[in-house]
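Chain and residue survey
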Amino acid sequence: MNTLRVAWNPTGLLARCQAYYELCKPRVVGLMVFTSWVGMLLAEPGHTPWAALIYGTIGIALMAGSAAALNHVVDRRIDAEMRRTQNRPIPKGYLNATRCLVFAALIGGVGLAILITRVNLLTAGLTFLALIGYAVIYTLYLKRATPQNIVIGGLAGAMPPLLGWTAVTGHVAAYPLILVLIIFAWTPPHFWALALYRKEEYAKVGVPMLPVTHGEAFTRLQVVLYTWLLAAITLLPFLLGGNGVVYLAGVAILNAVFLFHAHRLYRTGAREHSIKMFVFSIAYLMLLFALLLFDRYLPLFLQQLNSH
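Anyway, here's the lowdown on the structure attached to this text. (Residues numbered from 1 in each chain as written. Predicted model: local features only at pLDDT ≥ 70, side-chain atom pairs only at ≥ 80, totals over all residues. Heavy atoms only, no water.)

**Focus on the packing of aromatic side chains**
Using the following cut-off: Each aromatic pair joins two rings of Phe, Tyr and Trp (for Trp, the six-membered one) with centres within 6.5 Å, and gets the label stacked for planes under 30 degrees apart, edge-to-face for over 60, and tilted for any other angle. Helical segments are the DSSP runs of H or I of at least four residues, strand segments are the runs of E of at least two, and each set is numbered from the N terminus. Under the scheme applied here, a residue whose accessible area is under 20% of the maximum for its type counts as buried, over 50% as exposed, and between as partly exposed, the area being computed with a 1.4 Å probe on protein chains only.
Per the stated rule, a full pass over the model turns up seven aromatic pairs. Measuring from centroid to centroid gives 5.4 Å for Trp192 and Tyr226, while their planes differ by 80°, and the two rings are edge-to-face. Here Tyr226 lies in helix α12 (residues 216-233) and Trp192 lies in helix α9 (residues 174-197), a separation of 34 residues in the sequence. Plain terms: the ring middles of Phe258 and Tyr284 are 4.6 Å apart, the flat faces sit at 45° to each other, and that makes the pair tilted. Here Phe258, found in helix α14 (residues 245-268), pairs with Tyr284, found in helix α15 (residues 271-307); they are 26 residues apart in sequence, far enough to count as distant. Here Phe258 falls in the buried class, since its relative accessible area comes to 1%.

Here's what the structure looks like:
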């Protein structure tokens with residue numbers, strides 16, 4: 001009896017797995033998952049249920065990865081023409097659009113099923129709306145329709161803290177909405193700094209980013225204004241009593257550095273300053289959310305020390 005032997009190519013398999021991994025935009029999704037963790041841990045400080053933490057994280061991560069994969073499929077033409085994105089899996093020919101769509105549907109479906117069955121319907125519904133907002137409304141329409149694309153579409157990317165909160169509590173509250181508002185206000189200066197650096201590439205592929213449609217000077221002004229708006233919004237957790245003086249002191253330093261970057265970019269218009277601001281903005285958001293967590297858990301830690 002003849003046996004069909006299929007050669008196993010570990011190198012090819014690993015390369016294919018790496019391509020699917022990159023399809024999920026792991027750095028972007030990683031930041032989203034981190035902010036969702038903060039939402040979970042702040043919902044019930046010191047009493048976060050492990051099941052919500054584990055299953056919520058898996059479900060949110062899978063659905064965020066699905067949205068990212070759909071973004072790759074929709075943007076495959078412009079990705080191939082932009083230097084920043086031309087090494088993505090589809091433009092490089094590692095994966096085709098059909099396989100990517102199947103992959104996106106599979107992990108998105110699994111993620112949604114986990115959230116429905118192991119977390120709660122509210123989190124599942126909100127996460128699904130965020131996926132539609134990013135992969136369909138923003139990527140298919142807003143990105144190519146208006147220079148305010150990142151402002152309007154940024155709401156989908158701002159949802160993770162609320163998703164983490166609802167995964168634990170099963171309801172919406174004012175505090176996580178403030179965290180959503182922080183990311184929503186952070187997104188324009190973060191992304192417009194990159195758009196200034198990549199202006200020629202966006203113009204080449206016909207994407208109406210603000211520097212392309214309204215010029216660099218106007219965009220730099222908007223970056224400054226939104227950074228000041230962000231600085232004001234980040235005071236709300238303290239002003240409304242959700243966080244204390246540790247958070248206030250830390251966020252004041254973070255905002256001072258962010259405003260320094262924004263005003264320096266406004267004054268000089270130098271490309272190197274735009275990319276430096278973009279890079280710092282990522283660290284800014286991570287540090288700010290870590291600070292929110294540290295401020296709330298420090299008293300609990302000190303209380304435990306005193307009790308012993």
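**Some points on the pattern of salt bridges**
Put simply, the rule is: The salt bridge criterion pairs a side-chain nitrogen of Lys or Arg with a carboxyl oxygen of Asp or Glu, the two atoms within 4 Å.
Inspection of every chain in the model, using the stated rule, returns seven salt bridges. Between Lys143 and Asp75 there is a salt bridge, and its shortest N-O distance comes to 2.6 Å. In this pair, Lys143 is assigned in helix α6 (residues 121-145) and Asp75 in the loop between α3 (50-74) and α4 (76-81), connecting sequence segments 68 residues apart. The pair formed by Lys143 and Asp75 is uniform in burial state, with each residue classed as buried. Note on Asp75: relative accessible area 0%, which makes it buried. Overlapping salt bridges bring together Asp75, Lys143 and Arg144 as one network.

**A look at unusual backbone geometry**
The backbone phi angle of Lys25 is positive, close to 50°, even though this residue is not glycine. Along the chain, the position of Lys25 falls in the loop between α1 (10-23) and α2 (26-43). Residue classification places Lys25 among the buried positions, given a relative accessible area of 14%.

**Some details on the layout of surface pockets**
Basically, it comes down to this: A 1.4 Å probe that fits but cannot get out identifies a cavity on a 1 Å grid over protein atoms alone, an open set with protein on both sides within 12 Å along at least five of seven lines counts as a pocket, and a residue lines either if it has an atom within 4 Å of a point. Grid points are joined across faces, edges and corners, and a volume is the space filled by probe spheres set on the points. As a working rule, the residues Ala, Val, Leu, Ile, Met, Phe, Trp, Tyr, Cys and Pro are called nonpolar, Asp, Glu, Lys and Arg charged, and the rest polar, with Gly in that last group.
A volume near 190 Å³ is recorded for the second largest pocket. As for the second largest pocket, its lining consists of Leu126, Leu129, Ala130, Gly133, Ile137, Tyr138, Leu142, Ile152, Gly153, Leu155, Ala156 and Met159. Looking at the lining of the second largest pocket, the elements that each hand over two or more residues are α6 and α7 (149-157). Here the element with the most residues in the lining of the second largest pocket is α6; it accounts for seven residues. Per-class residue counts for the lining of the second largest pocket are 10 nonpolar, two polar and no charged.

**With respect to the environment of Ser36**
We apply this condition: For this analysis, residues touch if any pair of their heavy atoms sits within 4.5 Å.
Relative to the elements of secondary structure, Ser36 occurs in helix α2. On the basis of relative accessibility, which here comes to 0%, the residue Ser36 falls in the buried class. For the pair Ser36 and Pro176, spaced 140 residues apart in sequence, the C-alpha to C-alpha distance is 9.9 Å. Discounting residues that sit within four places of it in the chain, Ser36 has contacts with Ile60, Pro160, Pro161 and Gly164.

From the geometry alone we can't say anything about function, so treat these as descriptive.
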